Amino acid sequence: MRLLSLLVSSQQSVGEIERQLRMSQPTVSKHLRVMREAGFVESAVDAQRRLYRLKPEPFRRWMPGWLRSVGSGPLT
C-alpha cells in the first residue's frame with residue numbers, strides 16, 4: 001500500500017521510490033513489474049529515467065474508497 005500511496009500523488013522513478021520506502025532497487029523494480037503486468041501501473045521515459053504512475057481506471061473501478069482516503073491527487 002505504501003508504494004501505491006506514493007504513486008497516487010505523483011510520478012516516481014525507481015530511485016525516488018527506493019529512497020522514500022527504504023527498499024532495495026531490485027525489490028522496487030519487481031513490485032513495479034508485477035503492477036505493470038497487472039495493468040495498474042504505466043511508465044514513461046524522461047531522459048535517463050523511467051517514471052511510473054498509477055493508471056487511474058482500475059482504481060476508480062475497484063478501489064474508490066481507497067482513492068478518497070489517500071486525498072487529492074491525479075487519480076481523484
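Let us look at the structure shown here. What you see is a predicted model, and the numbers here were worked out from it, not measured in a lab.

Moving on: the packing of helix H2 (residues 14-21) against helix H3 (residues 25-37). As a packed pair, H2 and H3 sit with axes 9 Å apart at the nearest point and diverge in direction by 115°. In this structure, the crossing between H2 and H3 has a hand that is right-handed. Residues Val14, Ile17 and Glu18 of H2 touch H3, and the partners they reach there are Gln25, Val28, Ser29 and Leu32.

One open sheet accounts for three strands, arranged S1-S3-S2; its pairing is antiparallel. Single-partner strands in this sheet number two, and they are strand S1 (12-13) and strand S2 (41-46). Where S1 lies against strand S3 (residues 49-54), two bridges are found, and the strand directions are antiparallel. From the neighbouring strand, Gln12 faces S3, where its bridge partner is Tyr52.

What the rule picks out here adds up to four salt bridges. Put simply, Arg33 and Glu37 hold a salt bridge, and the shortest N to O gap is 3.7 Å. With Arg33 and Glu37 both in helix H3 and four residues apart, this pair spans about one turn of that helix. You can call Arg33 partly exposed: its relative accessible area is 37%. According to the relative accessible area criterion, Glu37 is exposed, its value standing at 60%. Arg53 is paired through a salt bridge with Glu42; the nearest N and O atoms lie 2.4 Å apart. With Arg53 in strand S3 and Glu42 in strand S2, this pair connects stretches of sequence that are eleven residues apart. Sharing partners across several salt bridges, the network here consists of Glu16, Asp46 and Arg49.

Conventions we followed
- Just so you know, the residues in each chain are numbered from 1, in the order the chain's sequence is written.
- In view of the model being predicted, local features appear only for residues whose pLDDT reaches at least 70, and side-chain atom pairs are presented and counted only at 80 or more, with totals across whole chains, interfaces and linings using the full set of residues.
- Working from all heavy atoms in the structure, the side-chain values ignore hydrogens and water.
- Axes, fitted as lines to C-alpha atoms, cover a helix only where it is in contact. Angles between the N-to-C directions of the axes lie from 0 to 180 degrees.
- Only DSSP runs of H or I reaching four residues or more are called helices, and only runs of E reaching two or more are called strands; each is numbered from the N terminus.
- Left-handed describes a crossing whose near helix is turned anticlockwise from the far helix through less than a right angle; right-handed describes the clockwise counterpart.
- The contact definition used throughout considers only heavy atoms, calling two residues in contact when any of these lie within 4.5 Å.
- Two strands form a pair only when DSSP identifies at least two bridges running between them.
- By convention in these notes, a salt bridge is any Lys or Arg side-chain nitrogen within 4 Å of a carboxyl oxygen on Asp or Glu.
- Summary of the burial criterion: residues with accessible area below 20% of their type's maximum are buried, those above 50% are exposed, and those between are partly exposed, where the area comes from a 1.4 Å probe applied to protein chains only.

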